[in-house]
Structure formats: C-alpha cells, structure tokens
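Tertiary structure, described
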Amino acid sequence: MKHLAFGTLMALCGSMATAEDAANMRTFLFIGTSNSAAWEMQIANPGDRAASVKGGIEALGGELLSYYWGLGNGKNYITVALPDDPTFIQAFYVSRLGDGLLTEYQMIELMSSADMAEALERVQEIKAQDDLK
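Residues numbered from 1 in each chain as written. Predicted model: local features only at pLDDT ≥ 70, side-chain atom pairs only at ≥ 80, totals over all residues. Heavy atoms only, no water.

With respect to the nonpolar core
Phe 30, Ile 57, Leu 64, Ile 78, Val 80, Leu 82 and Phe 92 are the most contacted members of the largest nonpolar core, which totals 16 residues. Residue assignment for this core shows that the elements contributing at least two residues are β1 (25–34), α4 (49–59), β2 (63–69), β3 (75–83) and α5 (86–95). Looking at which element gives the most residues to this core, the answer is α5, with four residues. Among all residues touching Phe 30, those that are not within four sequence positions of it are Asn 76, Tyr 77, Ile 78, Val 80, Leu 82, Phe 92, Tyr 93, Tyr 105, Gln 106 and Met 107. (Core = buried A, V, L, I, M, F, W, Y, C linked by side-chain atoms within 4.5 Å. Buried < 20%, exposed > 50% of the residue type's maximum accessible area, 1.4 Å probe, protein only. Helix = DSSP H or I, 4+ residues; strand = E, 2+ residues; numbered from the N terminus. Contact = heavy atoms within 4.5 Å.)

Next up, the structure:
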C-alpha cells in the first residue's frame, strides 16, 4: 500500500516539472536500504518494482534509466534522469523519507565521462581564481 502511495505522491508532484525543464536533465543514483516492513510487503507482493516506479517518474517528466538490486546487501540502486530544477530534485528525494520503508537512503548526482573531462579542463581556471584572493 505504501508503495502505491509513493507513486501517487510522485504523480501529484508532477506539476513541479515543466516541459522546459525536461530539455535539461540531470542524472542521479538513488541507493535505498529497505526495512523489514518493506521486505515483508515485497515478499507478500512479488513483482518487478521497476515497472511501478517508472510510471511515477515519467509522470514527473523524468526517466527511469535502471533499477537494480544488490545481491548480498539487499539494497536497491536506481538511476534516474530528472529535470534540472534543484527544488524539484530535492522534493523528489525528500518524498521518500516519510514513507517509513527505508532505513537508509542516498542520492548521488552522476556525471558523464565527457562532462568530467570538461570539468577537469576548468580546474586551472578555478585555481587561478583562488590565487587572486
């Protein structure tokens, strides 16, 4: 039931993301550790969780890129592209904290190798600015 509530909450938040935002997406890795209540719910209702999560994320203007479970640690690893809107992204993150199904939850922004190369090229620019201070 709480899993369905999350999907509903995410769909209601959809007005926060606009078509303009969708042009500039940011990629995130979410790592969640389910508590015993979440495991009981999943065991009682086995199914592909990616399918239910995908619809909620797409309703928000995002895209589910992958959904994996870690063998041996029971964590879920979800990669998502979200509109470039910092308050929306934070609201997306916080929306999972109140459902009581996770004991630990992390959000890590990912960047492509090409973007990292561009960032590395700018290191000297940043260092030069620091030297002026």
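Observations concerning the pairing of β1
Sheet faces and side chains relate simply in a regular strand, where the side chains alternate between the two faces. Counting buried positions along β1 yields seven of ten residues, so the element is predominantly enclosed. Where β1 lies against β3, nine bridges are found, and the strand directions are antiparallel. Bridge assignment links Met 25 to a residue of β3, and that residue is Pro 83. Pairing geometry for β1 and strand β4 (residues 102–110), over eight bridges, is antiparallel. In the sheet register, Ser 34 faces β4, and the bridge partner there is Leu 102. (Pairing = 2+ DSSP bridges.)

Here's the deal with the pattern of salt bridges
Evaluated as defined, the whole model comprises five salt bridges. Across the pair Lys 54 and Glu 58 runs a salt bridge whose closest N-O atoms are separated by 3.8 Å. Highlighted residues: Lys 54 and Glu 58, both in helix α4, separated by four residues, approximately one helical turn. Among the charged side chains, a salt-bridge network with shared partners connects Arg 26, Asp 84 and Glu 109. (Salt bridge = Lys/Arg side-chain N within 4 Å of Asp/Glu carboxyl O.)

Quick notes on the packing of aromatic side chains
Under the defined criterion, the tally for this structure stands at seven aromatic pairs. Ring plane angle 40° and centroid distance 6.3 Å describe the contact between Phe 28 and Phe 30, whose orientation is recorded as tilted. Residue classification places Phe 30 among the buried positions, given a relative accessible area of 3%. Here the aromatic residues Phe 28, Phe 30, Phe 88, Phe 92, Tyr 93 and Tyr 105 are joined through ring pairs into a cluster of three or more. (Phe/Tyr/Trp six-rings, centres within 6.5 Å; stacked < 30°, edge-to-face > 60°.)

A closer look at a nonpolar patch on the surface
Taken together, the side chains of Met 111, Met 116, Leu 120 and Val 123 define a hydrophobic patch exposed on the protein surface, amounting to about 360 Å² of accessible area. Accessibility expressed as a relative area gives 32% for Val 123, which makes it partly exposed. (Patch = residues over 30% accessible without salt bridge, like charges linked within 9 Å, V, L, I, M, F, W, Y side chains within 5 Å. Areas by Shrake-Rupley, 256 points an atom, 1.4 Å probe, with all protein chains shown as cover.)

Focus on the side chain of Arg 49
Within the fold, Arg 49 resides in helix α4. We note that Arg 49 is buried and unpaired, the nearest opposite charge coming from Asp 48 at a distance of 7.9 Å. Of note is the side chain of Arg 49, whose polar atom sits 2.9 Å from the backbone oxygen of Asn 45. (Lys, Arg positive; Asp, Glu negative; His and termini not counted. Polar contact = N/O pair within 3.5 Å; in protein donor to acceptor, adjacent residues only side chain to side chain.)

It is worth stressing that arrangement in space is one thing and function is another; only the former is reported here.
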